Amino acid sequence: MPVVVDTVFEQLVRTHYAPLYRFALSLARDEVAAGDLVQQTFYLWATKGEQLREPRAARSWLLTTLHREFLRDCRHAQRFAHVEVTAADESEELPHVAPVEQMDGRAVLAALMQVDEVFRAPLALYYLEGMTYKDIAETLEVPIGTVMSRLARGKDQLRHLLCVEEDERRQRVMAVRPRVAARERVHG
Amino acid sequence: MDKYNARFVLQSIRPDGSDAGDPEFAEALDAARIDPELGSRFAAEQELDRVISSKLASVPVPGGLCESILAGVEVSRSMGRRRFLQGLALAASVTLLATIGAVWWSNARRAVSFASYRQEMVARLDGRIQFSVTSREADELRQWLAQSRGIAGVEIPAGLKQAPCIGCRTWVWNDRPAGLICFLLEDGKAVHLLVISREAVPNPPHPAAPQVLHVGNWETASWTNGENVYVLAGQLHREALEKLL
């Protein structure tokens, strides 16, 4: 049974913990580390951020803080600061939707977690939080052009990884089919 | 705007249609309307983005995470905001010392004693505590410690038998599991009961009389009972802590 804490804080936690966890998981790629990041973020809210009462400001504060904590933990801030603004690579093929529709959410998350770290945070905010590129720029504290570049390149990477995931799934199916067919011939 | 740049800009448009009126996207959207190849690519990308968003939103969140967050913050608040910040700073120092200690450990054997166990475990209470299980019932937590971590036969001190619990977790000390059960007192303060197998610590405290000692930010009482060694730690006056035994 949960311990009773003040209603405003409890409401805040209940509203935001799940999306924050998914965002943290996409960054940290580890369930325990993601749980720690979320918990640390709410601790910081309890000590520093609870004066923000406007819901949208709270959401943005929590996401920014979680991302800062992630960067601090990983000591990757310098690496993140030197990404150039460039346009996306031209990919020849149109993206295929149907295979992704067949995938489990965890498989899609697994693909997202393989995207380069620098692209992963904006992609996660775009897909999980439905944020505009301007809000992503504010949350991650990077220029707007950088966000657009990271979204474009990150999406290309993610689509490629989803294709790889689908190919591997198909190969697993193909590996099973001959055995099933052989068994059917024997028993049929 | 050429096709290459239009495609670049279109990648930032959200798939729910809410960016259609954003003037920043107007030129790229016009290009997609005029160019059939660009238009069909944009439509396919938006559809894929919708599917990805919906798949990611379905990823499950661990059960009990919300309760663990609420319980953890409750503990911090019971310590007081100022104390909590000091605790965080101290926890950072402890982490640094622990890292240095880990390096040293590879070259030298750590002094293992009851005093070092108490010192190390009490220092962990200064940082944030993430519970593995949250419950108000001590029996549920005792059961979890016994079944999941092999810490059996935990006896709750008489003065805490009626107090609601917050949660429990374990750490590893000297390659042995050490359990923690956290209680919430009537005045909102938290007290922590640490328990470890008697075999894990040399020279454990005497069973007859608890040793009361101030360690770091905490008043502690230590005793041995049956197969376990206990340390009760609270930010209380010595007399208040003794009443809980």
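Values in this document were obtained by computation on a predicted structure and should not be read as measured data.

## Some words on the overall build of chain B
Within chain B one finds eight helices and seven strands. Within chain B, the fraction of its 245 residues that count as buried is 38%. Within chain B, contacts between residues at least 6 apart in sequence are counted, and of these 62% link residues at least 24 apart.

## As for the interface of chain B and chain A
Facing 48 residues of chain B, the contacting portion of chain A comprises 45 residues. Sorting the residues of the side of chain B that touches chain A by element identifies α1 (3-10), α3 (36-57), α4 (65-79) and α5 (81-107) of chain B as the ones contributing at least two each. Classifying every residue of the side of chain B that touches chain A by side-chain character gives 22 nonpolar, 12 polar and 14 charged.

## Examining the pairing of strand β4 (residues 190-197) of chain B
Residue and element names in this part refer to chain B. In terms of burial, β4 is largely enclosed, as seven of its eight residues are buried. Where strand β3 (residues 176-184) meets β4, seven bridges bridge the pair, whose relative direction is antiparallel. Pairing of Leu 180 across the sheet is with Leu 194, part of β4. The hairpin turn running from β3 into β4, its antiparallel successor, is five residues long, and Gly 188 in that turn takes a positive phi close to 90°.

## Some remarks on the sheet that holds strand β6 (residues 218-225) of chain B
Sheet strands pair via backbone hydrogen bonds, and the direction of the pair is either parallel or antiparallel. Residue and element names in this part refer to chain B. One open sheet holds the seven strands; their spatial order is β1-β2-β3-β4-β7-β6-β5, and the pairing between them is antiparallel. This sheet does not close on itself; its edge strands, each paired only once, are β1 (133-134) and β5 (211-215). The sheet contact formed by β1 and strand β2 (residues 165-173) spans two bridges and is antiparallel. By the bridge assignment for β2, Thr 134 is matched with Gly 167. Those strands touched by helix α7 (residues 138-149) are β1, β2 and β3, and its axis lies near 25° from that of β2.

## What about the confidence of the model for chain B?
Detailed reading of the predicted coordinates is not advisable wherever pLDDT falls low. All names here are of chain B. Summary statistics for chain B give a mean pLDDT of 82 and a share of 84% for residues scoring 70 or more. Across chain B, the element-wise mean pLDDT spans from 46 in α5 up to 94 in strand β7 (residues 228-234). The model gives residues 92-110 a pLDDT under 50, and that stretch makes four contacts with residues more than four places away or in other chains. Here the predicted complex scores 0.56 on pTM and 0.77 on ipTM.

Rules used throughout
- Residues numbered from 1 in each chain as written.
- Chains lettered and ligands numbered in written order.
- Predicted model: local features only at pLDDT ≥ 70, side-chain atom pairs only at ≥ 80, totals over all residues.
- Helix = DSSP H or I, 4+ residues; strand = E, 2+ residues; numbered from the N terminus.
- Buried ≥ 20, exposed ≤ 12 C-beta atoms within 10 Å, placed from the backbone.
- Contact = placed C-beta atoms within 7 Å.
- Nonpolar A, V, L, I, M, F, W, Y, C, P; charged D, E, K, R; others polar.
- Pairing = 2+ DSSP bridges.
- Axes fitted to C-alpha atoms, helices over the stretch in contact; angles between N-to-C directions.
- pLDDT = per-residue confidence, 0-100.

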